[in-house]
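# Structure assessment
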Amino acid sequence: MELTRMKVVFFDLDGTLFDHHHSLRLAIAAMQRNYTGLTEKTVDELIDKYNIALQQAYDAYLDKVITYEEADVRKLHLFFSSLDLPEPSLDEVQKFRDTYKAVYRKNRRATSGSIEALARLREHGYRIAIITNGQVEDQTAKVKAIGIHHLIDRIITSEEAGYRKPDRRIFQSAIEQLGASLDTTCMIGDSVESDIKGALDAQLVAIMYSPTAQNSQKLLFGQQITIIQHMAQLLGHLGIGGYRVQPHFVSTPGRLMIEGIDTGLVWEPRHCLQVSKEGAQRDCSSWLKE
Ligand SMILES: [Mg+2]
């Protein structure tokens, strides 16, 4: 596998470029605070149950068994039933949904290092697409919310493509849309089944993104798959010099100055921190934390 030959990079969105786990944790914790029936369990237990319910309901939607709106209700019914709690009324479902969505959306952010990695890839002339199972509107809004829309050439959704990962045809469609070739395109994703299996079936090089992984390689579907725990490692595998971030904070009354950040990369907007390109170029003191 010669990763240094790559010219096009496909990314999964949820759990890969988008920090789904961060939003999920805060949204579940908010639901727990609003409903006494959930206080018996830890947030981690609730997250596990919720993820299973979410996957089952979402699969039913993708299989066209239920509509997208019905999937929301089904998800909460499955979640409550897995906790041996009574089925919530439609009113309760609405309340849970409102609480969950508001907190989830408010806390959307990119995964650690992905904005820098995307910016550096573009700087080196790579073309970048997102391949995601989901709806155009939702996924595009998410991409915009986490500040990476301008760094992406195309978003390919299962809704638009008519196929969903791991079906090789969604990858083939992406290759056609970008005018890419198989031997210079790789796929990065966090799902063994959807991303890795799908990419390998489509004859693409696959890299697994797994922040909690202990190993840097894993045998999957008969192939040694490279695992990265942080997006900065992707740049190294592609032969691109990594970015150096060794921030040093200097605090004076009314001003917070940050030194030691790669100036070429800091002005991409991200959660909690906004630095303008002009500000970064003009004066380091413009790097203010909101
Ligand atoms: Mg994913």
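Our subject in this report is the structure included herewith. (Residues numbered from 1 in each chain as written. Predicted model: local features only at pLDDT ≥ 70, side-chain atom pairs only at ≥ 80, totals over all residues. Heavy atoms only, no water.)

### A few points about the coordination of the magnesium ion
In ideal tetrahedral geometry, four donors around a metal make angles of 109.5 degrees, whereas ideal octahedral geometry with six donors gives angles of 90 or 180 degrees. Asp12 (OD), Asp14 (O) and Asp190 (OD) make up the full set of protein donors to the magnesium ion, lying at 2.2 to 2.3 Å. One chain supplies every donor for the magnesium ion, spaced along it as D-x1-D-x175-D. Taken together, the positions of Asp14 in the loop between strand 1 (8–11) and helix 1 (20–34) and Asp190 in the loop between strand 4 (185–189) and helix 9 (192–201) put the pair 176 residues apart, joining distant regions of the chain. Relative accessible area serves as the criterion here: at 25%, Asp14 is assigned to the partly exposed category. A relative accessible area of 26% means that Asp190 is categorised as partly exposed. (Donors = N, O, S within 2.8 Å, 3.2 Å for Na, K, Ca; no water. Helix = DSSP H or I, 4+ residues; strand = E, 2+ residues; numbered from the N terminus. Buried < 20%, exposed > 50% of the residue type's maximum accessible area, 1.4 Å probe, protein only.)

### Topic: the packing of aromatic side chains
Scanning the entire structure with this criterion turns up ten aromatic pairs. Taken together, a centroid distance of 5.5 Å and an interplanar angle of 45 degrees make the contact between Tyr58 and Tyr61 tilted. Of the two residues, Tyr58 and Tyr61 are both situated in helix 2 (residues 43–62); the distance of three residues between them amounts to about one turn of the helix. On the basis of relative accessibility, which here comes to 21%, the residue Tyr58 falls in the partly exposed class. For the ring pair Phe79 and Phe80, a centre distance of 5.7 Å and an interplane angle of 90 degrees mean the geometry is edge-to-face. There is no split in this pair, since Phe79 and Phe80 are both buried. A connected cluster of aromatic rings, assembled from ring pairs, spans Phe18, Tyr35, Tyr50, Phe79, Phe80, Phe96, Tyr100 and Tyr104. One residue, Lys75, lies across the ring of Tyr100, its end atom 5.4 Å from the ring centre. (Phe/Tyr/Trp six-rings, centres within 6.5 Å; stacked < 30°, edge-to-face > 60°. Lys NZ or Arg CZ within 6 Å of the ring centre and 35° of its normal.)

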